[in-house]
Structure formats: structure tokens, C-alpha cells
Amino acid sequence: MDTASENCSVKVAVHVRPLIGDERAQGCKECVAVTHGNPQVQIGTHSFTFDHVYGNGGSPSSAMFGECVAPLVDGLFQGYNATVLAYGQTGSGKTYTMGTGLREGFQTGLIPQVMNALFNKIETLRHQMEFQLHVSFIEILKEEVRDLLDSVSVSKSVTANGHAGKVSISGRPPIQIRESSNGVITLAGSTEVAVNTLQEMAACLEQGSLSRATGSTNMNNQSSRSHAIFTITLEQMRKLHSVSPDNGTPDEDMDEEYFCAKLHLVDLAGSERAKRTGSDGLRLKEGIHINRGLLALGNVISALGDEKKRREGVHVPYRDSKLTRLLQDSLGGNSKTVMIACISPADINAEESLNTLKYANRARNIQNKPVVNRDLISSDMQKLRQQLKYLQAELCARAGGAPSDEVQVLKGRIAWLEATNEDLCQELHEYRSRRAVVEHCETDAQEGPVSFVKSDGLKRGFQSIDSSDYQMDEAVSDGNSSEIEEVAKEWEHALWQNTMDKELNELNKRLEQKESEMKLFGDVDTEALRHHFGKKIMELEGEKRIVQQERDRLLAEIENLAANSDGHTQKMQDGHTLKLKALEAQILELKKKQESQVELLKQKHKSDEAAKRLQAEIQSIKAQKVQLQNKIKQEAEQFRQWKASREKELLQLKKEGRKNEFERHKLEALNQRQKMVLQRKTEEAAIATKRLKELLEARKSSARENSVNSTGYTTPTGQSNEKSLQKWLEHELEVSANVHEVRFKYEKQSQVQAALADELTILKQVDQLSLNGHSPQRGKNGHSRLSSLSPNARMERIASLENMLNMSSKALVEMASQLSEAEERERALVGRGRWNHLRFMGDAKNLLQYMFNVAAETRFQLWEKDTEIKEIKEQLNDLVALLKQSEAQRKELVKEQRMREQAVTIALASSASVRFSAQHFMFTSLLILHTAPVHPVLTISWHEEI
Ligand code: ADP
Ligand code: MG
């Protein structure tokens, strides 16, 4: 079945993903360095070289497909099998890289890119070839193979909580791994879907991914424990008589060629090891179970990757797990294989990342032997054709002298053979097309309704923080602005008062003016005046009348006199006339006087009216004034209240400021103390780590010596050999204990780091919130202390936390590095490997005796320690009891004191009226207070009697 066979090693690429949200939130630091321009990765002091490194300073991830996978797709068309393995711890980006996840990487992952490339290529070759594509998608979970494209069994296993039963519930036999006589591994019973278009293939991937997700109660959990294998089978048939000269395959001259190649795309289970701390067997057992496939894979890789072992022909344990059986061809067999080692750059993952890199590094040494796969039927046909040719040639040769009946027989046979050949071809074609049809129907039938379950993913509950805790912060942080506000308010108040005062003054002035005006009127009694004027007018009238009468009389007298005119009378007449004139003048004057009086009266009336108006005005001004005064009073009251509250607030602030100051001091002390503790812890860890490193290195060299010794076949030189073996054992035990210690410290350090990171996250959130001007709310679970820190204290704490995190991160990476080393060595010594160099029974017995002694002594020490602990515990219990007792006493005393004080106040109040008794009481109560501790109950009852 083979023509061209070539040796090629497994290619290994590293994909370093960026820090993800969770890691950032945890304050993780990056600990993976990629050498620029070289495919080299460094963690701590370890450095590895690979075929490619992507991400985190290496080549861009987008180049991965072109460099690593596209050649495999091309090879597929030449008939070469291929495999892409994604390896790494859970969360390192395997699913993302492969594109088997439902949400992420579904477009950019390798599988979607493979599908694109595949169909593009098929499109360009369609006129020369016939293609048939099949896909299968399976999952290996707990050593069970689950068909991800079998919708019936998938939906059934959903109801069974994702536990795939031994027998598929759909009635189909469980999927089995079969090996054909020629060593080809096949999956019997798994769905193989024939696909014709890119869309159909993508739908298969999607359906499988979906059933992988829904088939588990906990997606993350399950996908991290299961291996998912997406397989694309490409069959090609070069069409009859359509030989293209540019496709330079060695079989051009043949009429029909058939290739069949498979591409496995594998998303492996999470590579993390079961935690070694904690002795609960359950976890360990589960851990081993999870890793069964990976463990076997590691052993296969070790067996294949070690050149010495390979030369020695060491057994490769493919059969240890389903995964390795299925991937048998991919590792050391007929496949071109690429492994993509996915790692996280975070310091907390340093150990696993190191393990992954070591694992991947071993895989680089595996040599594969890919061959071009031609179909068996095709080669059968070839044989028949060759036979035919041979017979035809024979016929031609014999045509000359051979008897005609023989020719006839031969001709008959030829005809029969040709007919058979034709029949066979026909049958083959029929079977092919029938299979295609059947499979098509099958997939149609299986594509039942698929329920989409959207996993919400882990939503980090956002810490809500209460506002009341914040006010202080705000008050302090916004101190400036509130001060300004306060000054402004006072200023405003002053201004307002000023204007009010002015207004009031204005009013007062006006009032004064009006009142003085009023006074002008007010001095004169108008009624009396009128009366007076009236009387005066009357008088004047009367006078006038008298004068007029007198004038009339005088006039009559003058006339009389004129009639008896004589000298005397003339004289009298003249006198009268004069008098008359005077009278007339008097009258005139009186008239004038009267007129002026009337005028005056009129004016008086007018001014009266004016006065009235003035009065009204005054009244309104007065009312206005009262109003204004009220207003001013009110405002003043308001201002006073505001001022008072402000002062109260200020006082509060001052108090809180003091509290803040106190908090700050406390925090500073805490920072300092924590830092010291951390420093001490990391120093201790560093010492333990260093010791481990030394031990490991020492063992490396001693192991070499030992192996030389044992292979050198020197007869045991008694004492010295025994001593050296004992030393070796001691050393071995010490390493073991030391690893335990470092791992313990590592776990503790991780916890510390997590706690620090947690606090940092919260503080940063609080900081962000206050920066955005949001009013933060009180945290639910004890975060109030953090959110109530003043901004300065917060900054300090953040800086301190970051500092500590850095320190812790370094220590963690260092420890992880040594732990990974230790684990690496442990792996090599697992089982009997440790005792390989013990070749003589005598040695073994001696060592066993020594070991017995050590174990016995250890047990004895353990017993002693146990006893000691028991004693200490008893002491502790006694102390605790004592403490409880004295605490109870203290409480009792406090209660008594309170009662006594109460009694004193009551008595004081009641006896205040009677001085004597008060004094007496004071005296007695003082007495009581003095004598109290002696007989409290007694004194109280005595006091009550009083
Ligand atoms: P795994 O399959 O190894 O458990 P995932 O592929 O599920 O890991 O990746 C874990 C998380 O890391 C996912 O949230 C994924 O979005 C993210 N992630 C992985 N690789 C990358 C990458 N190259 N770039 C950005 N995010 C990534
Ligand atoms: Mg995954």
C-alpha cells in the first residue's frame, strides 16, 4: 500500500495566550518570556526551544495555521494522514486554538481554517478528481467513547446527566476501537457523516461542539476532562483517462487512483496533574482517572521520544488507554503530526506551564513514518489488470503457432476476466454511491432538533458597595469644593442681608419723611381750626352787617342833611361822608378777610386729604416694614440653622478625619506587618526551594554514579556499598520530604497571593468608582473597610499590595520551577524504577533492614509527637476553660457595677427633696461603693431598705 515513505518528527508549536480577565483581576504577573525572533520560551531559569512560538511576543497567532497546519492539509491530498494535537492545562487556550468551542475561536480556530482550506483546494481540483469527505466527532470521557454526532445518543445522555452508559441507549452497540489486520485503527459504531459542502462540515463541527457542551452537567468540568477528536476523512479518486501531467505522482500511468487520508484534530483534556497535597484518596483517584489518557500519552511520548529507548525497542504502551490507541498512528506511526502546546503566561500557572513545555519538548523527538495511503480495492483491481495484461501478452506470443482451440480457451478466459472486472467495477461504483446515499439519509435523520443551551459562563458578581460608607471619603476628597460652596453660601447670605437692610433703611427713611410731613398737618387741630375760621367768618359777617347798617344809617342821615342843607349840616355831612368812607373801607377789608378765610378753609380741606393719603401710605409702609422684618428674621433663623448643621457636619468630619488618620496609621502598620510576614515567608520558601534544588542536583549526579556502580558489576564491597546505599536512601527520603514542604509552602503562598489579589481588585474597583464620581455602595461581605478608606490610604494600600504581589509572584515562580523539576524526576522513578540499581539480594535486604529501622523510628517519633500534642491540647483546654471562667466573672462584675450606678442615680433623684436624707444617702452610697466588692448582693439589699 505504500510507495513513498519518509521520516519526519513531530512538530511542536507553543501558543502563549494573553493574560485573560480573570488572571488580570487576580493581579497575576506574566512569567513567560519569548525570545524575540527565536522560537524560544523562558520561564524562570528554564528555557526551551520549539519549532514555532506564537503569541506573547512570538509570531502572531494568525500565522499558526499557515505555518503548522496548512502543510498537513496539502499532505492530505497526497494521501498522508495528519494529526493536530492541542495540549495544555485547562484554560490555557486549547479549545480556543482548535476552534472546537462554541463561542470563541469558532471563526479563527484551526478547524474552521482547515475546512476553508480543504474546500478551496477541492474546488481547484474538482475537474481532475472525485472527492468524498466524511467527518466524525467523538469524545473520550472516563475511558468511554462518546459519539458527538449521534443526536439520539447525545440527547439520551443529556437526560442521563452526561454519563455515557456502557451501551448506547439508542440501541446501537457502543463505539469500539478496532484494529484491522494491516494495523489500521478504526472506530466501529461511530457516526461518519458524508459532507459535500463547507456549510455541512461546519454544521457537524457545531453540532458536535454543542453536544459536547450540553452533554455535561458542568461544561467546564467535562470539557477539561475529556478529549475531543474531530476527524476528517478525505477520499480521492482520480478519474479514468484524466491524467494530468502537472500532478507529478508516480502512478500517473494508471487509469484510476484511489487515496484515502485522515486528519485528526484533537482537543485534549486539561493536562493539570492531580494535586499532591492533601491525602484524600478520592481526589487522587479522580485525578488519576481524569488523566488516564494523558498519562498513557505521556508514557507513549516518553517511550517514543527517548532515542535510547527507541533503539532498544522498548514497548510503547499504546494500549494503556483509548486515546493512545486511537492516536497510535499519529505518534510514531503513519501520520504527519503537529502538537500545539498551549500555555498561560500567568505566574500562578507557572508550574503547569513548565510541565506542559517539558512534555511538549519530549514530543519533539518522536519520529513518524507517514506513507501515502492507497485503497486496497484499488490495488486488487490493479493486480487484476496486471494479470489481464500478462495474459494478453501471452496470447499474442502464442498467437503464431499455438493450436487454435487453446487460443480459443484463452480468449474465452480473457473475455470472462474482462467481464468479471467490469462487474467488479460496476459493483464498486454501486456500493460507493449507495453508501453515500445511505449516509446522507442517516445524517438527515439524525439532525433532529438541537436545543441550544447558552452557557452564561462565569459571571463575576460585581461587588456592590454601599454609599454610606463613602460619604466620608467624598467629604474629604471633595473638601475643596464644599469649602467653596460654604463660603459662597455665607457670602450669598451676607449679600442678601445687606440688600434687605438697605431696603429696610429705605423704607424707614420714607416713613420718616412721610411722618414729618404728617407732622406739619398733625400739629394743627383741623376741626378747631375750621371752627375758629367759621366763627371768625361769622364774626366778620356780623361786623360787616353792623358796618353796613351804620353806613346805611349814615347815608340816610346824609340825605336828610342834604335836604336841609346848611353850614352845620354841611359840616356834619362831611363828617358822615368821611365816616362812611371809613366804614366802606372797613367793609371791603372785612370782605377781603372773609374771602381769604374761605380760601384758607379750602386749602385746609385739600391738605386734610393729602394727610389722609399720607396716613394710608404710612400704614402700608409700616406693614411692608413688618413684613420685611419678619422675612429678615426668618432668613436669619434659617441661616442660623444651616450654620449649626454645618458646624455639626464639620465636627463630624473632624471626628472622621481623626478616625481616618487613625485608620491610616493602622493601615500603615498593617502594610508594614504584612510585608514583613510575607518577606519572612518568602525567605523561608526560598531556603526550602534552594535546598530542594541542591538535593535534586546532588541526586542527579549520585544517580549517575549509582548506575555506573551497578552496571559495572563490581561485587559489593560490603560495608562501603551498604553505607552508600543508605546514604542514597536518606537522600531520597529527604528529597521527598522537601518536595512536600515546598509544595505545602507553594499552596500557602498561592492562597496569600489570591487574598492579596482579591483585595487589590476590590480597591481598584473602589478607586475606579470614585474616579468616575459614582457613589460607591457598601460591600456585602466585609468590604466596607476597604471602601471606607480615604483616597490617600487607598493609594498607599494599593502600592503596598502591588509590591507584595510582585514579591509573592517571584517566589511562586521559583517554587513552581523546582516542583516541576522534582515531578519530572519522580515520573522517571515511578514504580520499580527507583530500585533498578539494586541488583543483589544482600543489598536489598540490608537496605530493607535500614528502611525498617527508619520507619520504626519515625513511627516512634510520631507517637511521641502525638502524645506531646495531646498534652499540649489538654493544657490548652484548661487554659480555655480558665479564660472562660474569668470572662464570666468579668461580665458579672460589670453587670453589678451597672446596677449599682443605676441605683445611685435613682436614689439621688428621689431623695433630692430631703437634704438630710440626701446627704445621708450620699454618705451611705459612698460607703456602699467603697465596700461593694465584699458583699455586693448584701449591700444592694441594704441600700434598697434605705
Ligand atoms: P482550554 O480549552 O484549554 O480549557 P479555552 O480555550 O477554553 O481553554 O480558553 C480559556 C480562556 O482563555 C477562554 O476564555 C478564551 O477566550 C481565552 N483564550 C484562550 N486563548 C486565547 C487567545 N489566544 N487570545 C485571547 N483569549 C484566549
Ligand atoms: Mg477546552
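Looking at an unreviewed UniProt entry, one finds the protein chain named Kinesin-like protein, with Citrus clementina as its source organism. Of the comments in the UniProt record for the protein chain, the one headed Sequence similarities (unreviewed entry) reads "Belongs to the TRAFAC class myosin-kinesin ATPase superfamily. Kinesin family. KIN-4 subfamily." Entered under Subunit (unreviewed entry) in the UniProt record, the comment concerning the protein chain runs "Homodimer."

K.L.:
Help me understand the packing of helix α9 (residues 292-305) against helix α12 (residues 350-363), please; the structure alone is not making it clear to me.
P.N.:
Axes are the key here: two packed helices are described by the angle between their axes and the distance separating the axes. Contact geometry for α9 and α12: axes closest at 8 Å, N-to-C directions at 45°. Comparing the axis directions of α9 and α12 gives the class oblique. Each of L294, L297, G298, I301, S302 and G305 in α9 lies in contact with α12, whose residues at this interface are Y359, R362 and A363. Taken together, the residues of the contact of α9 with α12 sort by class into five nonpolar, three polar and one charged.

K.L.:
Hey, could you run me through helix α4 (residues 110-125) in this one?
P.N.:
Each turn of an α-helix holds 3.6 residues, which means side chains three or four residues apart point in the same direction. In this model, α4 (16 residues) spans 22 Å end to end at C-alpha, consistent with the 22 Å of a helix rising 1.5 Å per residue. By the burial criterion, the buried members of α4 are L110, I111, P112, V114, M115, L118, F119, I122 and L125.

K.L.:
Can you help me understand a negative patch on the surface in this one?
P.N.:
A contiguous patch of negative charge, built from E864, E868, E871, E874 and D878, is present on the exposed surface. Mapped onto the elements of the fold, E864 is located in helix α22 (residues 841-910). When its relative accessible area of 37% is taken as the criterion, E864 is described as partly exposed.

K.L.:
Explain the pairing of strand β2 (residues 11-16) here, please?
P.N.:
Among the six residues that make up β2, five are buried, leaving the element largely enclosed by the rest of the structure. Of the pairings in the sheet, the one linking β2 to strand β15 (residues 336-343) comprises six bridges and is parallel in character. What sits directly across from A13, in β15, is I340. Relative to strand β6 (residues 52-54), β2 runs parallel, the two being bridged by three bridges. Residue pairing for β6: H15 is matched across the bridge by Y54.

K.L.:
Just checking my understanding: could you explain a positive patch on the surface for this structure?
P.N.:
A grouping of K308, K309, R310, R311 and K369 is seen on the molecular surface, where their side chains present a positively charged patch. Here R310 is to be found in helix α10 (residues 307-312).

K.L.:
What is the right way to look at the UniProt feature "coiled-coil region" (unreviewed entry) in the protein chain in this model?
P.N.:
Per the UniProt record, "coiled-coil region" (unreviewed entry) is annotated on residues 497-698 and 869-896. Here residues 869-896 is 100% helix and 0% strand, with 40 Å between the C-alpha atoms at its ends.

Basis of the calculations
- Residues numbered from 1 in each chain as written.
- Chains lettered and ligands numbered in written order.
- Predicted model: local features only at pLDDT ≥ 70, side-chain atom pairs only at ≥ 80, totals over all residues.
- Heavy atoms only, no water.
- UniProt positions renumbered as here; feature names shortened; annotations may be inferred.
- Axes fitted to C-alpha atoms, helices over the stretch in contact; angles between N-to-C directions.
- Helix = DSSP H or I, 4+ residues; strand = E, 2+ residues; numbered from the N terminus.
- Parallel < 35°, antiparallel > 145°, perpendicular 65-115°, else oblique.
- Contact = heavy atoms within 4.5 Å.
- Nonpolar A, V, L, I, M, F, W, Y, C, P; charged D, E, K, R; others polar.
- Expected span 1.5 Å × (residues − 1).
- Buried < 20%, exposed > 50% of the residue type's maximum accessible area, 1.4 Å probe, protein only.
- Patch = residues over 30% accessible without salt bridge, like charges linked within 9 Å, V, L, I, M, F, W, Y side chains within 5 Å.
- Areas by Shrake-Rupley, 256 points an atom, 1.4 Å probe, with all protein chains shown as cover.
- Salt bridge = Lys/Arg side-chain N within 4 Å of Asp/Glu carboxyl O.
- Lys, Arg positive; Asp, Glu negative; His and termini not counted.
- Charge placed at Lys NZ, Arg CZ, Asp CG, Glu CD.
- Pairing = 2+ DSSP bridges.

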